[in-house]
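# Chain and residue survey
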Amino acid sequence: MSSIKRNSLLLALLWTALLSVLLTVNINEVRDDPLQHAETQAKAVIKSAIGFRSWASHFGGVYVQPSEKYPPNPYLKSPDRDVTTTTGKKLTLINPAYMTRQVFQDFYGKDGVNGHLTSLKLLNPINAPDAWERDALLSFEKGSNHAAAIEKSASGENVFRYMQPLYVEEKCLTCHAVQNYKVGDIRGGISTSINLSSGEAIAAQNIRTIVLTYFSVWLIGLIGLFIFFRRSVQLEAEREQKFNLLNVSETLAHQYISTKSETSNLEEALQAISAMLEKRDPYTAGHQQRVADLAEKIALELGLSNDQAHGIRLASLVHDIGKIQVPAEVLNKPGKLSDLEFSLIKLHPQTGFDILKGIKFPWPISEAVLQHHERIDGSGYPQGLNADQICIEAKIIAVADVVEAMSSHRPYRPGLGLEAALNEISKQRGKELDAAAVDACLKLFNECGYKFP
Ligand code: HEC
Ligand SMILES: [Fe+2]
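Residues numbered from 1 in each chain as written. Chains lettered and ligands numbered in written order. Predicted model: local features only at pLDDT ≥ 70, side-chain atom pairs only at ≥ 80, totals over all residues.

## Section: the overall build of the chain
Our working rule: Helix and strand definitions follow DSSP, with helices as H or I runs of at least four residues and strands as E runs of at least two, each counted in order from the N terminus. In this treatment the radius of gyration is a C-alpha quantity, and the globule benchmark scales as 2.2 Å times the residue count to the 0.38 power. Residues are called buried when their C-beta atom has 20 or more other C-beta atoms within 10 Å, exposed when it has 12 or fewer, and partly exposed otherwise; all C-beta atoms are positioned from the backbone. With C-beta atoms placed from the backbone, a contact is any residue pair whose C-beta atoms sit within 7 Å.
A count of helices and strands for the chain gives 14 helices and seven strands. The C-alpha atoms of the chain give 64 Å as radius of gyration, which overshoots the globular expectation for 453 residues (22 Å, by more than 25%). Burial analysis of the chain (453 residues in total) assigns 27% to the buried set. Looking at the chain alone, contacts between residues at least 24 apart form 65% of all its contacts between residues at least 6 apart.

Here it is in structure tokens:
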């Protein structure tokens, strides 16, 4: 796996993890909302109920006109419970507990909010606590100052329940002293229950919105990351491609240099030099090319290696390069040459040697050029070497040179023909020319059907 891919995957994972954590925190907060809301509401309900109860207690209860629905309280044992006004109107005393119950049952009790006054020590059995309220009252006896819980309603909805203790105050004793209460005792408690379902519905809607928002943000982030990833991969690929191209061209260049420079480049260079000379000396045009061809064949006929034969071919291609120094009118002069002119021509092996000696060849090319007019009986030039001192390359070129020179046209004489040329080398066999080379040459022409190219 590439590092780009790994990093991108890591980024995607980090992004997903970050959003998951934030989403979880956010959802939990929203999920808690209805409960917190209900708690605030419950405290407010109880606070106001206690307030109104305090107000009613302050007056030792309040007188109202009784009705069928709200009759005089049979549990209130006050002698002044029922009075008649001076105008004959009947009034009954409503104690705080009776008032609270009426309010919660008939005047409050809406929107899933309800309240209840209760005690462990009952004057009125209708005020009996339910199981949860009983536990709460017991906990108040042990010093707790409130109780809260979530219960399931009969219809399966969540209901928040909250309860606070009611303490005996001075004015409560007017009616509750008979129960042996003292100020500061826990008389009972007031509880409220708040249905959570509407708040929960709102929270659920909010959570859906939040999830959708987070999902969109997450998706946009991932898409951005993916685009970034694709771009990086593309850039990386381009870089790699460029690098490969560079490598390929470098390899090609290396190959070119290593293959070309060794052999074919040399041959091309020597061909160019040979062509240069022939531009100046049109009568020997092709002379060197043909000598090269024949000399190479003779070498192979003599059993020399392909490599050595190739070297001989290359040497033949430039064997008369030194003639570049001979004035053109001497080279192209028809008729006989003067001694001076001939001595100028005889300089060309040495000149050729001087031109070529600086170039490093894997064959003795400059030596072959220097010695191609040497003769094995010592009659040649420039050094008058004898058979042992002349290299095999020069001996072969000498034979090919004589055959080619005699059989083709020259400025000072017409061509003498191939037969005359072959006769001449036969005559010089073992005298001026190397016997084996002459034999090989004759065999090429007479038996192998060799022809100059
Ligand atoms: C005017 C008389 C009167 C006063 C004052 C009064 N109460 Fe009561 N209280 C009653 C009567 C009667 C009942 C039972 C009848 C009922 O609930 O209908 C009762 C019931 C209660 C109950 C319900 C439990 C039960 O025994 O049925 C509690 C709790 C309570 N009172 C607390 C208090 C507190 C606290 C005060 C003082 C702030 C107080 N009362 C003041 C007459 C009074
Ligand atoms: Fe020559």
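What follows picks up the thread again.
## What to know about helix H10 (residues 348-356)
Two residues of an α-helix separated by three or four positions point the same way, owing to the 3.6 residues in each turn. Where we set the bar: Note: the arc covers the axis-to-C-beta directions of the helix.
Within H10 the residues assigned to the buried category are His-348, Pro-349, Gly-352 and Leu-356. Viewed along the axis of H10, the buried residues span an arc of 105 degrees, placing them on a single side of the element. Buried positions along H10 lie against helix H9 (339-345) and helix H11 (365-371).

## Some remarks on unusual backbone geometry
Pro-382 follows Tyr-381 through a cis peptide bond whose omega is 5 degrees. Its location among the elements puts Pro-382 in the loop between H11 and helix H12 (392-407).

## What about the sheet that holds strand S1 (residues 62-64)?
Heads up, the condition is: Only strands joined by at least two bridges in the DSSP assignment are considered to pair. Think of each axis as a best-fit line through the C-alpha atoms, taken over the contacting stretch in the case of a helix, with angles from 0 to 180 degrees between the N-to-C directions.
Strand order across the open sheet formed by three strands is S1-S3-S2, with antiparallel pairing between neighbours. Strand pairing shows two members of the sheet lacking a second neighbour, S1 and strand S2 (82-84), which therefore form its edges. Averaged over all neighbouring strand pairs, the angle between strand axes comes to 35 degrees, with direction disregarded. Bridge count between S1 and strand S3 (residues 90-94): three bridges; the pairing is antiparallel. By the bridge assignment for S3, Val-62 is matched with Ile-94.

## Some thoughts on the sheet that holds strand S6 (residues 158-167)
Strand order in the open sheet formed by four strands is S4-S7-S6-S5, with antiparallel pairing between adjacent strands. Taken across any chain shown, the strands that pair with only one partner, and hence form the sheet edges, are strand S4 (113-118) and strand S5 (147-152). Recorded for the sheet is a direction-independent mean angle of 20 degrees between the axes of neighbouring strands. Looking at chain direction, S4 and strand S7 (residues 186-195) are connected through six bridges and run antiparallel. Within the sheet, the bridge partner assigned to Thr-118 lies in S7 and is Gly-189. Sitting on the sheet, helix H1 (residues 3-58) touches S4, S5, S6 and S7, and the angle it makes with S7 is about 140 degrees.

## Considering helix H2 (residues 96-107)
Considered for burial, the residues of H2 that qualify are Pro-96, Ala-97, Tyr-98, Met-99, Thr-100 and Phe-104. Structurally, H2 contributes buried residues whose contacts are with H1, S3 and S4.

## Some remarks on the nonpolar core
The test is simple: By convention the nonpolar core is taken to be a set of buried residues drawn from Ala, Val, Leu, Ile, Met, Phe, Trp, Tyr and Cys and joined through C-beta atoms within 7 Å.
Among the nonpolar cores identified, the biggest contains 39 residues, and Ala-295, Ile-298, Ile-396, Ile-397, Val-399, Ala-400 and Val-403 are the most heavily contacted of them. Of all the elements in the fold, those that place two or more residues in this core are helix H5 (197-280), helix H6 (287-301), helix H7 (306-317), H11, H12, helix H13 (418-428) and helix H14 (435-446). It is H12 that provides the largest number of residues to this core, a total of nine residues. Each residue touching Ala-295, except ones within four places of it in the same chain, is listed here: Ile-312, Arg-313, Ser-316, Ile-396, Ile-397 and Ala-400. Of all hydrophobic cores here, the second largest spans 22 residues; its members include Ala-42, Val-45, Leu-117 and Phe-140.

## Quick word on the packing of H6 against H14
The cut-off we apply is this: Here is the rule for angles: anything less than 35 degrees is roughly parallel, anything more than 145 is roughly antiparallel, 65 through 115 is roughly perpendicular, and the remaining ranges are oblique. Three classes are used: nonpolar for Ala, Val, Leu, Ile, Met, Phe, Trp, Tyr, Cys and Pro, charged for Asp, Glu, Lys and Arg, and polar for all others, with Gly counted as polar.
It is at 9 Å that the axes of H6 and H14 come closest, and there the two elements cross at 110 degrees. One way to sum up the angle between H6 and H14 is to call them roughly perpendicular. On the side of H6, the interface is formed by Lys-297, Ile-298 and Glu-301, while H14 contributes Ala-437, Ala-440, Cys-441, Lys-443 and Leu-444. Looking at the contact of H6 with H14 residue by residue, the classes come out as five nonpolar, no polar and three charged.

## Notes on the site of ligand 1
Convention followed: The criterion for a residue being near a molecule or strand is a backbone-placed C-beta atom within 6 Å of that molecule or strand.
Taken together, the neighbourhood of ligand 1 is formed by 26 residues, with Ala-97, Leu-123, Cys-172, Cys-175 and Gly-188 sitting nearest. Secondary-structure elements contributing two or more residues to the shell around ligand 1 are H2, helix H4 (173-176) and S7. Tallied by class, residues from the shell around ligand 1 come to twelve nonpolar, eleven polar and three charged.

## Remarks on the packing of H12 against H14
A pair of packed helices is captured by two measures, namely the crossing angle of their axes and the spacing between those axes. Here is the rule: The sense of a crossing depends on the near helix, which, turned anticlockwise from the far helix by less than a right angle, makes the crossing left-handed and, turned clockwise, makes it right-handed.
Close contact between H12 and H14 brings their axes to 9 Å; oriented N to C, the two are set at 45 degrees. By the angle between their axes, H12 is oblique relative to H14. Here H12 runs over H14; the crossing is right-handed. Together, Lys-395, Ile-396, Val-399 and Val-403 of H12 and Ala-437, Val-438 and Cys-441 of H14 make up the contact between the two elements. Its residues placed into classes, the contact of H12 with H14 shows six nonpolar, no polar and one charged.

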